[in-house]
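Listed here are the chains, written in short residue letters.
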Amino acid sequence: MNHKKWSFWIDRGGTFTDIVAKSPNSKIVVKKFLSQNYKVYKDAASYGILNILNENNHLKNNISSIVNEIKMGTTVATNALLERKGEKTLLVITKGFKDALEIAYQDRSNIFAKKPIKPQNLYKKVLEVEERIDSDGNILEKLNLNKVKEDLIKFKSRGFKSLAIVLMHGYKFKKHEKLIEEIALKIGFDQISISSKVSPLVKIVCRGDTTVADAYLSPVLNKYIKNFTSNLTSSLNNNNKLKQNVYFMMSSGGLTSAVNFKGKDSILSGPAGGVVGSVETIKSLGINKIINFDMGGTSTDVSHFNKDYERKNENIVAGTRITSPMLDIHTVAAGGGSILKFEDDRFQVGPQSAGSNPGPTCYDNNGPLTVTDANLIVGKISPKYFPKIFGKNQDKPLNKEKVITKFKQLKNKNRISKSIEKIAYGYLQIASENMANAIKKISIQRGHDITKYTLSCYGGASGQHACSVANSLGIKKIVFNKFSGVLSAYGMGISNVRSYRQKNINEKLNHKNLNNLNKIFNTLKQECFDELFKKS
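Draft legend 1. Looking closely at the overall build of the chain. Counting its regular elements, the chain contains 16 helices and 21 strands. For the chain, whose C-alpha radius of gyration is 25 Å, the value lies close to the compact-globule estimate of 24 Å for 536 residues. Within the chain, the proportion of its 536 residues that are buried is 51%. Restricting the contact set of the chain to residue pairs at least 6 apart, pairs at least 24 apart contribute 68%. A total accessible area of about 26,300 Å² is found for the chain, and carbon and sulfur atoms account for 49% of it.

Below, the structure is given as structure tokens:
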């Protein structure tokens, strides 16, 4: 690390973007910005960096010459997946398997639902190609290259820029996938994801879903990275230099360069930084049994740690199967921005969130009542400790008067006899129980006695609910880091750059095959070394 330059560690969340900056003289600067504030800036992360440099009189310098590294976690791809706002994607698959990914395993997420709702496909159209390689590598039907080229040109003219290529047994025999990739490159498709590179594992459904997700989300990430670096510097030369020093957090808990950041690895980009930051800082206290409790503005992320990080290789996110290493993080829609309602004669919290725009009522931007407003009413939040970034001109403190007025309207409209303080406290109890139940899922339901664990609290809203959640779970020890409010961003800074490889090996595990296995391991290891140590 070059200590004569700035380092920026960023967590772009759904409500706030947190920035921890380390100056050339090792001074730590912490800033929070609303993730969406289009009246003031297009992108909170780049605006925050420029804001910090300007305050320290470094903005006049060439930015690529004064910035050593930018490490970031982002929810850009996650939001695109949840809201189905990714790139228009074409699925290229072996003829006869057009519906394979849609049919999948014919399972239902809710077996008692009278009208099951299937997740929306990420791909818009399917191109079936005439080809077939069997499980032993024998070519049963040759790939018709001219027909493939003709069909791809037609889809390109219809506005398709992203391809997901998934052929039967492609994880093992790559020839046909690579031939289609070469044709697509010549035609000019912007994003080409092939299953033999993205997820070279058996099972066409998981492999296919992962490849489609990569093709669907990677263009969104690439566009964000391009805009982010362009906002920092208008010079193309400086832009390319800067991009070499930009790293993104992967779902697995490791960083990768902006050039190598892919859609399939980005789903838990933000929360992963918080887990690493929590674990690595709390381990120095000699604590090895940890429940990570990250309560932000939009959601709460919880995870379990017992001497080692827990990871999953197969995950279902927003109805899409992702086969890629991910930290085992459970998310519940309960955050500071979760909307408070009174429906069906009962208090309800979330799952809808006010986000950063309009935000809670106290943000003075015509937002609904939220968990944050309830905490303000009961005195768990003090306006004097919040930055004056609210109101129409982003220069006002939290507006408690508006919150009181709205709670009174709620009380009178629904003829609730309790005081507004008791109403607010009731909502907070519900929110805390929702979060405690999320922790039970990743601990008690898996046989862990969490009364012997430490609750590590971070995220902007965790301090307001830590004690009530701990009481509900029987946890006796709570730890707050001094960077608790921005620990996900801090976690980016103390994380390591990592590289992962996967390969499916269809061999019996015996002494005869061990030498061959070692060769494969060495090949995979070398690929990781090449990615980590060779300049992109």
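Let's pick the thread back up.
Draft legend 2. Helix α10 (residues 269-282), seen in detail. In this model, α10 (14 residues) spans 21 Å end to end at C-alpha, consistent with the 20 Å of a helix rising 1.5 Å per residue. Counting buried residues in α10 gives twelve out of 14 residues, a clear majority hidden from the surface. Looking only at α10, the buried set comprises S269, G270, P271, A272, G273, G274, V275, V276, G277, S278, V279 and I282.

Draft legend 3. Region of interest: a nonpolar patch on the surface. Among the surface-exposed residues, V497, F529, L532 and F533 lie close enough to one another that they form a single nonpolar patch of about 380 Å² accessible area. Mapped onto the secondary structure, V497 falls in the loop between α15 (487-494) and α16 (511-533).

Draft legend 4. Quick look at the pattern of salt bridges. Inspection of every chain in the model, using the stated rule, returns 17 salt bridges. Its salt-bridge partner being D265, residue K264 comes within 3.2 Å of it at the nearest N-O pair. By relative accessible area, K264 is classed as buried at 12%. Notably, a salt bridge pairs E310 with R446, separated by 3.8 Å at the nearest N-O pair. Highlighted residues: E310 in the loop between β14 (300-306) and β15 (311-317) and R446 in the loop between α13 (420-441) and β20 (454-458), separated in sequence by 136 residues. Owing to a relative accessible area of 25%, E310 belongs among the partly exposed residues under this scheme.

Draft legend 5. A look at the packing of helix α11 (residues 371-378) against α13. α13 packs onto α11 with a crossing angle of 130 degrees between their chain directions and a minimal axis gap of 9 Å. One way to sum up the angle between α11 and α13 is to call them oblique. Crossing of α11 against α13: the hand is left-handed. Seen from α11, the contacting residues are V371, A374, N375, I377 and V378; seen from α13, they are I420, E421, A424, Y425, L428 and A431. In terms of residue class, the contact of α11 with α13 is made up of nine nonpolar, one polar and one charged.

Draft legend 6. Representation of the packing of aromatic side chains in the model. Going through the model one piece at a time under the given rule, you end up with 15 aromatic pairs. Both rings, one in W6 and one in F8, keep their centres 5.7 Å apart while their planes meet at 10 degrees; by these two values the pair is stacked. An identical accessibility class is assigned to W6 and F8; each is buried. An aromatic cluster of at least three residues, connected via ring pairs, comprises F16, Y363, F386 and F390. In this structure, K32 is placed above the aromatic ring of F16, and the distance from its NZ or CZ to the ring centre is 5.2 Å. Directly above the ring of F160 sits K88, whose terminal nitrogen or CZ lies 4.6 Å from the centroid.

Draft legend 7. Representation of α11 within the structure. For α11, a buried count of seven out of eight residues is recorded, marking the element as mostly surrounded by other parts of the structure. Burial in α11 covers these residues: V371, T372, D373, A374, N375, L376 and I377. Residues of α11 that are buried make contact with β13 (289-295), β18 (338-343), β19 (346-353), α12 (400-413) and α13. Taken from the residues just after α11, G379 is the one with a positive phi, measuring 90 degrees.

Draft legend 8. Summary view of the nonpolar core. Counting residues in hydrophobic clusters, the biggest one holds 124 residues, and the most contacted among them are F8, I70 and F407. Ignoring any residue separated from it by four or fewer positions in sequence, one finds I70 in contact with F8, I10, I49, F228, L232, L242, N245, V246 and Y247. In this structure, F160, I165, I183 and I192 belong to the second largest nonpolar core, which totals 18 residues.

Draft legend 9. Seen up close, the environment of Y309. Here Y309 shows up in the loop between β14 and β15. Looking at Y309, the relative accessible area reads 19%, which means it is buried. In this structure the C-alpha to C-alpha distance between Y309 and V276, which are 33 residues apart in sequence, comes to 8.8 Å. Other than its neighbours up to four places away in sequence, Y309 contacts V275, V276, V279, E280 and L327.

Rules and cut-offs
- Residues numbered from 1 in each chain as written.
- Predicted model: local features only at pLDDT ≥ 70, side-chain atom pairs only at ≥ 80, totals over all residues.
- Heavy atoms only, no water.
- Helix = DSSP H or I, 4+ residues; strand = E, 2+ residues; numbered from the N terminus.
- Rg over C-alpha atoms; globule rule 2.2 N^0.38 Å.
- Buried < 20%, exposed > 50% of the residue type's maximum accessible area, 1.4 Å probe, protein only.
- Contact = heavy atoms within 4.5 Å.
- Areas by Shrake-Rupley, 256 points an atom, 1.4 Å probe, with all protein chains shown as cover.
- Expected span 1.5 Å × (residues − 1).
- Patch = residues over 30% accessible without salt bridge, like charges linked within 9 Å, V, L, I, M, F, W, Y side chains within 5 Å.
- Salt bridge = Lys/Arg side-chain N within 4 Å of Asp/Glu carboxyl O.
- Axes fitted to C-alpha atoms, helices over the stretch in contact; angles between N-to-C directions.
- Parallel < 35°, antiparallel > 145°, perpendicular 65-115°, else oblique.
- Left-handed = near helix turned anticlockwise from the far one by under 90°.
- Nonpolar A, V, L, I, M, F, W, Y, C, P; charged D, E, K, R; others polar.
- Phe/Tyr/Trp six-rings, centres within 6.5 Å; stacked < 30°, edge-to-face > 60°.
- Lys NZ or Arg CZ within 6 Å of the ring centre and 35° of its normal.
- Core = buried A, V, L, I, M, F, W, Y, C linked by side-chain atoms within 4.5 Å.

Honestly, that's just the spatial picture; any functional story needs more than this.
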